[in-house]
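Now for the letters of each chain:
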2 protein chains.
Amino acid sequence: MKKLINAPEAVLAEALSGIAAAHPGLKVDAENKVIARALGTKPGKVALVSGGGSGHEPLHGGFVGKGMLDAACPGEVFTSPVPGQMLAAAQAVDGGVGVLFIVKNYTGDVLNFQMAAELAAEEGITVETVLVDDDVAVQDSTWTAGRRGTGATVFVEKIAGALAEQGGSLTEVADMGKRVNAASRSFAVALTACTTPASGKPGFDLPEDEMEVGVGIHGEPGRRREKLRPAKEIVATALDAILADQPLVAGDETIVMVNGLGGTPLIELYVVFNEVAAALADKGVVVARSLVGNYVTSLDMEGVSLTVCKADADMLSLWDAPVNTPALRWGI
Amino acid sequence: MKKLINAPEAVLAEALSGIAAAHPGLKVDAENKVIARALGTKPGKVALVSGGGSGHEPLHGGFVGKGMLDAACPGEVFTSPVPGQMLAAAQAVDGGVGVLFIVKNYTGDVLNFQMAAELAAEEGITVETVLVDDDVAVQDSTWTAGRRGTGATVFVEKIAGALAEQGGSLTEVADMGKRVNAASRSFAVALTACTTPASGKPGFDLPEDEMEVGVGIHGEPGRRREKLRPAKEIVATALDAILADQPLVAGDETIVMVNGLGGTPLIELYVVFNEVAAALADKGVVVARSLVGNYVTSLDMEGVSLTVCKADADMLSLWDAPVNTPALRWGI
């Protein structure tokens with residue numbers, strides 16, 4: 001294993017310390033492992049809290065800031081954060097009108113956020129939850145009952161976060177988050193496995209000429225192994241899976257993310273985006289907004305995920321609203 | 001080789017097409033391979049043009065936009081762009097008061113930008129050049145006489161770009177670019193080699209337990225091979241090399257970049273930044289501004305580069321000025 005670390009067990013704490021040093025707009029509670037906005041939550045604003053295992057950076061800490069999350073709870077690498085951590089986050093950022101938990105659909109995360117919601121209720125904090133389950137590759141998976149939550153998390157956090165910033169109520173913000181999730185589909189392909197600091201070796205074997213089609217963000221198995229194919233055919237496979245689940249017709253507007261899994265050069269992501277844009281244009285589908293880069297990673301995995309959100313005018317307007325986080329920043 | 005591409009020889013053209021599709025604020029001249037601002041140059045503004053081999057994304061195309069570059073000329077992967085391409089860029093963006101070429105110190109780039117400057121002069125366009133040579137690892141290298149140009153390029157493009165936006169003259173903008181380069185030092189470490197699409201195999205062999213200390217952004221040899229060490233010791237090595245060349249004293253303000261070479265997870269870059277911040281704090285050196293992420297990459301290489309700029313008040317103020325590019329965006 002080759003990693004730029006000091007010790008596997010110190011990675012999360014040291015990375016959190018680095019995040020605190022790099023981003024004056026954030027404050028890090030090292031004891032509870034909570035990343036929050038330095039300025040706190042304005043009273044009367046719905047607070048958004050997300051979290052999950054580390055190793056998917058910039059998710060979620062890189063999306064804390066004005067117009068997006070109020071706090072993030074990073075677990076150890078590929079490990080759910082714990083309920084106490086989520087409760088501490090909720091208590092730290094509650095502005096008196098409730099907290100929205102944004103939870104990727106993995107069994108550990110779901111259970112722990114559920115328990116945290118109950119603990120928060122005992123403390124008088126109202127919690128609503130949006131469960132993100134956008135990955136169409138498989139129905140159930142290694143760590144998930146039902147579909148896995150992946151790239152759509154970024155869309156949910158951005159759009160619901162903007163609505164909260166504009167004064168939306170907890171119900172309104174939660175409903176918008178659910179709408180975005182319901183409108184979004186993802187599909188990923190891995191060219192290599194990733195290596196966690198703790199295990200020190202690749203999570204699975206993948207022959208030199210094969211790819212994992214429909215891989216999960218922890219390297220969970222997808223639909224099948226296949227010989228590596230040209231980007232155009234990989235994109236066709238991913239888009240077919242996405243559109244089979246949520247058909248799009250000419251004139252539909254979309255937000256599209258071509259997301260690198262951590263080890264893929266940006267120049268390749270643009271090659272992939274070029275194919276996505278061309279394929280959608282062929283169908284008359286409009287790519288109204290897009291992201292190309294590393295947003296929901298799997299440590300050093302080489303590969304790409306495609307997320308397509310069928311966006312209505314509200315979503316597009318909220319997408320364009322100002323945001324000021326380490327990983328997404330515009331309008332401010 | 002595992003890459004998300006269609007064909008090695010099509011990578012650049014297809015990536016450029018993807019960049020055009022993803023970024024409405026940019027326009028791409030596919031024939032000349034020039035990325036420019038969609039809105040063009042305001043008459044009377046000094047235009048900044050940079051370029052170099054592809055494979056270092058988001059450099060340079062990702063830094064085209066208000067407050068930074070006016071145009072970028074990407075060559076084939078790890079190959080200098082050609083003079084005609086640079087001339088086309090200069091002609092496209094000249095606002096009537098001259099063009100600044102920002103050139104990383106590699107022999108091919110230097111010769112081709114020099115020829116382009118002569119061709120531009122024949123067309124009546126005044127050109128000044130800033131040569132970036134910040135890499136303290138080695139004095140001469142595979143493709144370079146003198147020091148290589150690496151991470152400081154981002155600082156030069158940002159700070160000189162801001163001054164141009166504020167109405168600086170060609171001489172003033174060029175002088176500021178030179179000041180930033182003179183104030184900046186970089187040092188990089190590779191854990192793995194990178195693989196170009198054309199060659200299809202790693203550029204060099206690096207045993208499973210070793211790192212290349214002082215590597216160049218194309219995988220050029222550094223100072224030595226060493227056993228892989230903890231992040232804290234790697235940072236000490238890099239900082240020692242940087243500070244030996246440009247001493248810093250307590251109270252000095254700096255802009256610091258911890259840059260991933262393409263295949264390194266962001267969580268590791270934060271572990272590295274944590275060590276850099278601690279080491280500089282020990283000396284009383286102030287990290288006034290920072291970047292942590294992939295800014296000057298070497299395709300899929302795992303590793304990190306550290307760039308430190310000893311920044312004066314002018315540089316910090318220009319750093320904070322609004323910028324709106326795919327890879328750096330704030331204040332707008």
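Parameters and conventions
Residues numbered from 1 in each chain as written. Chains lettered and ligands numbered in written order. Predicted model: local features only at pLDDT ≥ 70, side-chain atom pairs only at ≥ 80, totals over all residues. Heavy atoms only, no water. Helix = DSSP H or I, 4+ residues; strand = E, 2+ residues; numbered from the N terminus. Expected span 1.5 Å × (residues − 1). Phe/Tyr/Trp six-rings, centres within 6.5 Å; stacked < 30°, edge-to-face > 60°. Buried < 20%, exposed > 50% of the residue type's maximum accessible area, 1.4 Å probe, protein only. Pairing = 2+ DSSP bridges. UniProt positions renumbered as here; feature names shortened; annotations may be inferred. Core = buried A, V, L, I, M, F, W, Y, C linked by side-chain atoms within 4.5 Å. Contact = heavy atoms within 4.5 Å.

In this section: helix α7 (residues 266-282) of chain B. An ideal rise of 1.5 Å per residue puts 24 Å on 17 residues; α7(B) measures up with 24 Å between its terminal C-alpha atoms. Two residues or fewer after α7(B) comes B:Gly284, characterised by a positive phi angle close to 80°.

One pair of aromatic rings is described through two measures. These are the centre distance and the angle between the planes. Residues and elements named next belong to chain B. One pass over the full model with this rule turns up 6 aromatic pairs over all chains. Centre to centre, the rings of Phe-155 and Trp-319 are 5.5 Å apart; their planes meet at 85°, and the pair counts as edge-to-face. Linking Phe-155 in helix α4 (residues 152-165) with Trp-319 in helix α8 (residues 313-320), this pair joins segments that are 164 residues apart in sequence. Looking at Phe-155, the relative accessible area reads 0%, which means it is buried.

A few words now on the pairing of strand β4 (residues 71-77) of chain A. Every regular strand shows the same layout, with side chains that alternate between the two sheet faces. All names here are of chain A. Among the 7 residues of β4, 6 are classified as buried, and the element is accordingly described as predominantly covered. Where strand β3 (residues 47-54) lies against β4, 5 bridges are found, and the strand directions are parallel. By the bridge assignment, Ser-50 is partnered in β4 with Ala-72.

Attention shifts here to the UniProt feature "domain: DhaK" (unreviewed entry) in chain A. Sequence positions flagged by UniProt for "domain: DhaK" (unreviewed entry) are, in local numbering, residues 7-330 of chain A. Taken end to end, residues 7-330 of chain A is 33% helix and 24% strand, and its first and last C-alpha atoms sit 36 Å apart.

This part covers unusual backbone geometry. Generally, phi is negative for residues other than glycine and the peptide bonds are trans, each holding for most cases. A cis amide bond links B:Glu57 to the next residue, B:Pro58, at an omega of 10°. One can find B:Pro58 in the loop between β3 (47-54) and β4 (71-77). A cis amide bond, omega -10°, links B:Leu59 with the succeeding residue B:His60. Topologically, B:His60 is positioned in the loop between β3 and β4. Within the chain, A:Lys33 stands out as a residue other than glycine whose phi angle is a positive 55°. Looking at the element boundaries, A:Lys33 is found in the loop between β1 (26-29) and β2 (34-37). Note on A:Lys33: relative accessible area 22%, which makes it partly exposed. A positive phi angle is found at B:Leu299, which is not glycine, with a value near 55°. Residue position: B:Leu299 is located in the loop between β11 (286-293) and β12 (303-310).

Another aspect to go through is the nonpolar core. In this structure, A:Leu48, A:Leu100, A:Val154, A:Leu328, B:Phe187 and B:Leu306 are the most contacted members of the largest nonpolar core, which totals 101 residues. Per-element tally for this core: the top contributor is α7(B), with 10 residues. In contact with A:Leu328, not counting residues within four places along its chain, are A:Gly62, A:Phe63, A:Met68, A:Val154, A:Lys158, A:Leu291, A:Tyr295 and A:Val323. Judged by nonpolar contacts, the second largest core, of 100 residues, contains B:Phe63, B:Ala72, B:Val132 and B:Leu163.

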